[in-house]
Amino acid sequence: MNKTELIPRIVENKDWVTILLVVSFVLIAVTKTAFENRFRDFANLIINDKYLKIYKDSSNLMSWFTVLLFVVQLISMSFFLQLVLSHYGYTTKTNWISFVQIFTFLSFFVLSKFLIEKIIATSFNAENFIEQFNLFKVSYRNYIGLLLLPVNIIMYYTNIMNSYAIISVIVILLIINTLTYLISLKNYQNVLLSKLFYFILYICTLEIAPYYFMYYVITKR
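About the cut-offs
Residues numbered from 1 in each chain as written. Predicted model: local features only at pLDDT ≥ 70, side-chain atom pairs only at ≥ 80, totals over all residues. Heavy atoms only, no water. Phe/Tyr/Trp six-rings, centres within 6.5 Å; stacked < 30°, edge-to-face > 60°. Lys NZ or Arg CZ within 6 Å of the ring centre and 35° of its normal. Patch = residues over 30% accessible without salt bridge, like charges linked within 9 Å, V, L, I, M, F, W, Y side chains within 5 Å. Areas by Shrake-Rupley, 256 points an atom, 1.4 Å probe, with all protein chains shown as cover. Salt bridge = Lys/Arg side-chain N within 4 Å of Asp/Glu carboxyl O. Helix = DSSP H or I, 4+ residues; strand = E, 2+ residues; numbered from the N terminus. Buried < 20%, exposed > 50% of the residue type's maximum accessible area, 1.4 Å probe, protein only. Axes fitted to C-alpha atoms, helices over the stretch in contact; angles between N-to-C directions. Parallel < 35°, antiparallel > 145°, perpendicular 65-115°, else oblique. Left-handed = near helix turned anticlockwise from the far one by under 90°. Contact = heavy atoms within 4.5 Å. Nonpolar A, V, L, I, M, F, W, Y, C, P; charged D, E, K, R; others polar. Core = buried A, V, L, I, M, F, W, Y, C linked by side-chain atoms within 4.5 Å.

Trainee: Go over the packing of aromatic side chains, please, and point to the residues and values.
Mentor: Summed over all chains, the structure comprises 16 aromatic pairs. Every member of this aromatic cluster is reached through a ring pair, and the members are F35, F39, F42, Y51, Y55, F65 and Y143. Sitting over the face of the ring of Y55, R38 holds its NZ or CZ atom 4.5 Å from the ring centroid. The ring of Y156 is capped by K93, whose NZ or CZ atom sits 5.1 Å from the centre of that ring.

Trainee: Explain a nonpolar patch on the surface residue by residue, including any values.
Mentor: Together, Y88, Y90, I167, V171, I175, L179, L182 and I183 make up a nonpolar patch on the protein surface, roughly 750 Å² of accessible area in all. By the secondary structure assignment, I167 is in helix α7 (residues 163-187).

Trainee: Give a description of the pattern of salt bridges that names residues and reports values.
Mentor: Throughout the structure, instances matching the rule amount to 2 salt bridges. Among the ionic pairs, R40 bridges to E36, the shortest N-O distance being 3.7 Å. A residue pair is termed a helical-turn pair when its members lie 3 or 4 positions apart in one helix, as R40 and E36 do in helix α2 (residues 36-43) at 4 residues. The class of R40 is partly exposed, set by a relative accessible area of 44%. Taking the shortest distance from any N to any O, the salt bridge between K50 and D41 comes out at 3.7 Å.

Trainee: Go over the packing of helix α1 (residues 15-34) against helix α4 (residues 64-87), please, and point to the residues and values.
Mentor: Where α1 contacts α4, the two axes come as close as 9 Å, and the packing angle between them is 155 degrees. As the angle between them shows, α1 and α4 are arranged roughly antiparallel. As for how α1 packs across α4, the hand of that crossing is left-handed. Between α1, through W16, V17, L20, S24, L27, I28, V30 and T31, and α4, the contact on the second element is made entirely by F65, L68, L69, V71, V72, I75, F79 and Q82. Of the residues that constitute the contact of α1 with α4, the class distribution is 13 nonpolar, 3 polar and no charged.

Trainee: Which residues make up the packing of α4 against helix α6 (residues 127-157), and what values go with them?
Mentor: The geometry of α4 relative to α6 is characterised by a closest axis approach of 7 Å and an angle of 45 degrees between their N-to-C directions. Classified by the interaxial angle, the pair formed by α4 and α6 is oblique. The handedness of the crossing between α4 and α6 comes out as left-handed. Touching T66, L69, F70, V72, Q73, S76, M77, F79, F80 and L83 of α4 are L135, V138, R141, N142, I144, G145, L146, L148, L149, N152, M155 and Y156, all from α6.

Trainee: Which residues make up the nonpolar core, and what are the values?
Mentor: With 42 residues, the main nonpolar core has F42, L45, Y51, F79 and F80 as its most contacted residues. Of all the secondary structure elements, the ones that give two or more residues to this core are α1, α2, α3 (50-54), α4, α5 (96-123), α6 and α7. Here the element with the most residues in this core is α4; it accounts for 12 residues. Discounting residues that sit within four places of it in the chain, Y51 has contacts with R38, D41, F42, L45, F65 and S139. A121, F129, F133 and Y181 belong to the second largest nonpolar core, which has 5 residues in total.

Spelled out as structure tokens, the structure:
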């Protein structure tokens, strides 16, 4: 009598990726509909700084426009990280548990960093400056999040994803991020000179150390 051994077949659910992308585009559509003029200016952020000049007040940092696009940014960045990690064999691109872990970690990282910045800014009486600076950064990073969406779609639904494509995207993101800091240094140079010690402390503890720590955790795990 032959003995039959049953082996469970595990099939990963891929529908969550499509739902996730649809949710992202719905959030963009809602934002565009609710803030039509503002979204138009935001769409031209890479061409001119009209958006930053109009909406430079620190109160815009917690507006629904910024919050909705910030959620899209988190989704886009988290999914891109998942694609990168899946390419190097740390997970699979259809593993929704990995995405939840990455999204949770990234959200906790960003929000914790924001809270620490608020505490340090309060200690140095630089609340207004740091809020404007954060608004400046989050505006560009929200824009990057929108640009990453089609990149994520192409990398997920096609077979063109390779190390060269990943490195190219990462280099472009680093260049945009560096340009953001250079532009901010130019725009806030007068304020920075008056709070030079705080700015050096800010760069070392909140812009270099956290990203190095995140890189260390990802590579070691």
